[in-house]
Number of protein chains: 2
Amino acid sequence: MNAPTSAAGLLPQIHLREVPQALLDALVARFNGRCSRAQAVREQHGRDESSFSVPPPAAVVFAESTADVADAVRLAAQHRVPVIPFGVGSSLEGHLLAVQGGISLDVSRMAAVLAIDADDLTVTVQPGVTRKQLNEAIRHTGLFFPIDPGADASLGGMAATRASGTNAVRYGTMRENVLALEVVTAAGEVIRTGTRARKSSAGYDLTRLMVGSEGTLGVITEITLRVYPLPEAVMAAVCSFPDIAAAVRTTIGVIQLGVPVARCELLDGQTVAMVNRHSGTALREEPMLLMEFHGSPAGVREQVEAVQALATDHGGNAFEWAATPEERTRLWTARHNAYFAGVQSRPGCRAITTDTCVPISRLADCLLESVAEADASGIPYFLVGHVGDGNFHFGYLIDPASADERARAEGLNHRLVARALEMGGTCTGEHGVGLHKMGFLLSETGPGAVAMMRAVKQALDPLNILNPGKIFIA
Amino acid sequence: MNAPTSAAGLLPQIHLREVPQALLDALVARFNGRCSRAQAVREQHGRDESSFSVPPPAAVVFAESTADVADAVRLAAQHRVPVIPFGVGSSLEGHLLAVQGGISLDVSRMAAVLAIDADDLTVTVQPGVTRKQLNEAIRHTGLFFPIDPGADASLGGMAATRASGTNAVRYGTMRENVLALEVVTAAGEVIRTGTRARKSSAGYDLTRLMVGSEGTLGVITEITLRVYPLPEAVMAAVCSFPDIAAAVRTTIGVIQLGVPVARCELLDGQTVAMVNRHSGTALREEPMLLMEFHGSPAGVREQVEAVQALATDHGGNAFEWAATPEERTRLWTARHNAYFAGVQSRPGCRAITTDTCVPISRLADCLLESVAEADASGIPYFLVGHVGDGNFHFGYLIDPASADERARAEGLNHRLVARALEMGGTCTGEHGVGLHKMGFLLSETGPGAVAMMRAVKQALDPLNILNPGKIFIA
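On a predicted model such as this, the values are computed, not experimentally measured, just so you know.

What counts as what
Residues numbered from 1 in each chain as written. Chains lettered and ligands numbered in written order. Predicted model: local features only at pLDDT ≥ 70, side-chain atom pairs only at ≥ 80, totals over all residues. Pairing = 2+ DSSP bridges. Helix = DSSP H or I, 4+ residues; strand = E, 2+ residues; numbered from the N terminus. Axes fitted to C-alpha atoms, helices over the stretch in contact; angles between N-to-C directions. Contact = placed C-beta atoms within 7 Å. Least-squares fit on C-alpha atoms with pLDDT ≥ 70 in both. Nonpolar A, V, L, I, M, F, W, Y, C, P; charged D, E, K, R; others polar. Parallel < 35°, antiparallel > 145°, perpendicular 65-115°, else oblique. Left-handed = near helix turned anticlockwise from the far one by under 90°. Domains from an automatic or database assignment. Expected span 1.5 Å × (residues − 1). Bend = angle between axes of the 7 residues up to and from the residue. Buried ≥ 20, exposed ≤ 12 C-beta atoms within 10 Å, placed from the backbone. Arc of directions from axis to C-beta.

With that out of the way, let us pick up the sheet that holds strand S6 (residues 122–125) of chain A. All names here are of chain A. The sheet built from five strands is open, its strands ordered S5-S6-S10-S8-S9 with antiparallel pairing. Strand pairing shows two members of the sheet lacking a second neighbour, strand S5 (113–117) and strand S9 (190–194), which therefore form its edges. Ignoring strand direction, the axes of neighbouring strands in this sheet form an average angle of 10°. Alignment of strand S8 (residues 178–184) against S9, held across five bridges, turns out to be antiparallel. Counterpart to Ala-180 in the pairing with S9 is Gly-194. Strand contacts of helix H4 (residues 66–78): S8, S9 and strand S10 (219–226), with the helix running at about 50° to S8, the strand carrying the most contacts.

Below you can see the structure in the form of structure tokens.
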């Protein structure tokens, strides 16, 4: 049942369902100018950062409220037409592609911060709010929201893919930080999951069932998130190492010691060079850990001493500090742009991005074998990692016109995932399954678990209209 | 659809299904002496710490392996007979009661620690391992497992009820600490969910769907858990306050400041007195916070100073310290036995235990109104709280023979839950829904979300054989 696309790197299976004129008429009647059939709008909503090419959706509806979402889904359900939720379009795994046709439901205009409950360390937002917009909105409260995928993604999209980023090693992922949701079901009904209480044993964990369901079980229309007091002291440091192994072994030591490092990112030497060219930084072009420490002044000092000692043991240099908040921001912006720095390093290329995550004790083995394999392939790549979590990304930079390069890159990805799974890891740490990893999901979790996912999908979306053809073939 | 039992405090609805002799014969053929029909064994498996009385299951099967569990479930499925997983019997909400008849599946003999991956800070256990057994087994590694409900519960039961305890404020609950599961489905198939990687975006979060599903979606047969390095420094302190409000307001300040306190427990004065009598402690019989601080020596010192300053602002006394590990253990054992201390304080009584959890800013309002109401009722009670989470428990100590006392206690519980829900909280922070809170779950989450839970249940257990009649009526 699993699509051969994922393992073999072929194009996705496309089975366009008919979108009847009656539905398009009904959407225009309901949404007027907020339902667009313009080619440019459809094309913009029919792609993401993945390297697939699929015909665009038949129309795009711009929702401005939960009622809009519910009405759009209800109309689509009446005509059994797929609905694909759309935030900012930064998916890497083909989540947004209309492989079964249908309409794109753009929630980017649902961009209100609905509540800031600073005393409870919670906020409630609409799904189109991006992570940067949220942090702007709460800056005056002394709180921050830590989860930061590379893109300035929408929080709805981040919940839907169970996203994380550089701070997950300390603060967790969307799995740990979504407290409650409002969701429009496949029947167009509005439900609420969870509460603002920090913990609950009240029935099935529908919140976490929706988080990571990639738009296939419901459309997220409100999100209640945990936020955190800005730490009293923040220090960011760069540490260069003679080789990748030394940087990774330092990281393993940090995690095993329980040092509460806030960020611990790996870049290999050639990726640092790409970042320097893209962002105008002057970082030493060697394997590097880019770290941040949060806490009280004394606590941060202790963490720094512990990590510097470990790094020195592994041949790392003395830490270089980002002394001011501005320098720190510049450094992390450069890190967040590593993906774009990589893509820019080979004009006209597309990146095939990998996303494995392994138990920390296996990180060095998994990473080093994969580096050797990538080097031997001759395909240019960048390498970054949220290594404190055991999570890392290769971006294989391929000529999209070259079937050979694509096949070789997919081969590298395939062997990397197989290696990670053998080591007790996962095929995706934070990007999701989408189109690209359906076969890998099956390898990882086995047919029994995928059958259980399929049963849940069929129970909650019997017409298979919510982002069909993603995660598994329903 | 919701049972009137929960809201009104009536006895549970009992609809015994037939257990055919052919099933009993097949179970005996498969399990020999490990299938018991002895009255005493059945009765022991037909009750828990809840105050309900229901006929016992028709038989008890003692499973010793995943294959045993799978075979027992398959045989039960062939005859459409309910199966109720049983760990140590410490449920408080009637989870174990055979309200639709059937067989009890005792997994307490599945008590092996299967793997200790100290380098990855993970362990894998069978479901019958208790939290204390796990901590014994990993003591030599310098790691510990923090989640500690009052009882020495089985880890399978703790996963099934999404349990937490005193350390959740720092380390999270079973929701955050279960990484992976092996589960026997309603069809008797064995599936695996999750991996040992710290994070994953690989498909639906079946792990967290199973955690908190109270045995209604599958029988947990293996659990992979996060464990933590023992902190370098641990300090436990008691702080007495002039009134409950002062203790609660101190707690709110601690959380809002982001002090990473490891434990922050409230006991009211009369509960301290019960604990003193039960455990031979000599604690000051006033409202008290019982706290623990984990970290480096300097970090612990900073936390202590911050919390002592807040406590002093609210009229709290100077901290009294549990100076040695032995004193600390004695103090926490006394706290863990508060439930039994309470029950012992009124000979022959049963406790009707409440379990609300509210956003931290509402904790004082919720708790103080509930104390006033309990005082006015004349029903004796104990009061303890994991107040750092916004979670607290009254135990109303009723004469089980008095319908009037039961009704009044249920009335108190009913008003307390209504208050917590109005404040954005949940009807159960850690005990689960079971039989007792089905009506409350409906009030909390609404019919749409319960309908979604029911759809998931029907998809995964179409014959409704897995612990039927719990959480909601399927």
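Bringing the relation of the copies chain B and chain A into the picture now. For these two chains of identical sequence, chain B goes onto chain A by a turn of 180° and a shift of 0.0 Å along the axis, with RMSD 0.0 Å. Overall, the copies show the geometry of a two-fold rotation axis. Of the residues that chain B buries at the interface, 100% are likewise interface residues in chain A, meaning the two copies contact each other through the same surface.

All right, on to the interface of chain B and chain A then. Residue-level contacts link 75 residues of chain B with 75 residues of chain A. Sorting the residues of the side of chain B that touches chain A by element identifies helix H8 (174–177), strand S9 (190–193), helix H9 (206–210), strand S11 (228–229), helix H10 (244–257), helix H12 (297–313) and helix H17 (438–460) of chain B as the ones contributing at least two each. When residues of the side of chain B that touches chain A are assigned to their parent elements, the largest contribution, 13 residues, is made by H17 of chain B. Broken down by class, the residue content of the side of chain B that touches chain A amounts to 28 nonpolar, 30 polar and 17 charged.

Let us now look at the environment of Gln-270 of chain B. Structurally, the position occupied by Gln-270 of chain B is in helix H11 (residues 269–279). For the pair formed by Gln-270 of chain B and Asp-117 of chain B, sequence separation is 153 residues and the distance between their alpha carbons is 44 Å.

Residue and element names in this part refer to chain B. For the pair helix H2 (residues 21–31) and helix H4 (residues 66–78), interaxial distance at closest approach is 10 Å and the crossing angle is 160°. Classified by the angle their axes make, H2 and H4 are roughly antiparallel. Here H2 and H4 pass one another in a crossing that is right-handed. Contact with H2, carried on its side by Leu-23, Ala-26, Leu-27 and Arg-30, involves Asp-71, Ala-72, Leu-75 and Ala-76 of H4 and no other residues of that element.

Time to look at the domain arrangement of chain A. All names here are of chain A. For chain A, the domain assignment lists domain 1 (4–109), domain 2 (113–229) and domain 3 (233–422). Placing a centre on the C-alpha atoms of domain 1 and another on those of domain 2 gives a separation of 23 Å. Across the contact, 17 residues belong to domain 1 and 20 residues belong to domain 2. When residues of the side of domain 1 that touches domain 2 are traced back to their parent elements, those giving at least two are H4 and strand S3 (83–86). Per-element accounting of the side of domain 1 that touches domain 2 gives the leading share, six residues, to H4. Looking at the side of domain 1 that touches domain 2 residue by residue, the class counts come to nine nonpolar, six polar and two charged.

Here helix H17 (residues 438–460) of chain A is 23 residues long, yet its end C-alpha atoms lie only 20 Å apart, well below the 33 Å a rise of 1.5 Å per residue gives. Approximately 110° is the largest bend angle found in H17 of chain A, and it occurs at Gly-446 of chain A, with the proline Pro-447 of chain A only one to four residues beyond.

Next up on the list: unusual backbone geometry. When glycine is set aside, most residues are seen to have a negative phi, and most peptide bonds are trans. Residues and elements named next belong to chain B. One non-glycine residue, Arg-80, lies in the positive phi region at around 55°. With respect to the helices and strands, Arg-80 occurs in the loop between H4 and strand S3 (83–86). Phi is positive for Asn-464, close to 55°, though the residue is something other than glycine. Relative to the helices and strands, Asn-464 resides in the segment after H17. With 18 C-beta atoms packed within 10 Å, Asn-464 lands in the partly exposed category.

Let us look at the environment of Asp-399 of chain B. Residue and element names in this part refer to chain B. Here Asp-399 is to be found in the loop between strand S19 (391–398) and helix H16 (403–422). The spacing of Asp-399 and Pro-231 is 168 residues in sequence and 44 Å in space, taken between C-alpha atoms. Once residues within four sequence positions are removed from consideration, Asp-399 is found in contact with Gly-348, Cys-349 and Glu-405.

So, about the sheet that holds strand S4 (residues 103–106) of chain A. Residues and elements named next belong to chain A. Pairing within the open sheet is mixed, and its four strands lie in the order S1-S2-S4-S3. The open sheet terminates on both sides in strands that have one partner only, identified here as strand S1 (35–36) and S3. When S1 meets strand S2 (residues 59–62), the two strands line up antiparallel, connected through two bridges. When the sheet's bridge partners are listed, Ser-36 is paired in S2 with Val-60. Running at roughly 25° to S2, helix H2 (residues 21–31) makes contact with S1 and S2 of the sheet.

With 17 residues, helix H12 (residues 297–313) of chain A should reach 24 Å at 1.5 Å per residue; the first-to-last C-alpha distance of 24 Å fits that figure. If you check which residues of H12 of chain A are buried, you get Gly-299, Glu-302, Gln-303, Val-307, Leu-310 and Ala-311 of chain A. Relative to the axis of H12 of chain A, the buried residues are bounded by an arc of 165° and lie together on one face. With respect to the buried face of H12 of chain A, the exposed residues turned more than 90 degrees away are Pro-297, Glu-305 and Ala-309 of chain A. Looking at the buried side of H12 of chain A, the elements it contacts are strand S12 (233–240), helix H10 (244–257) and strand S14 (288–295) of chain A together with H12 of chain B. Two residues or fewer after H12 of chain A comes Gly-315 of chain A, characterised by a positive phi angle close to 85°.

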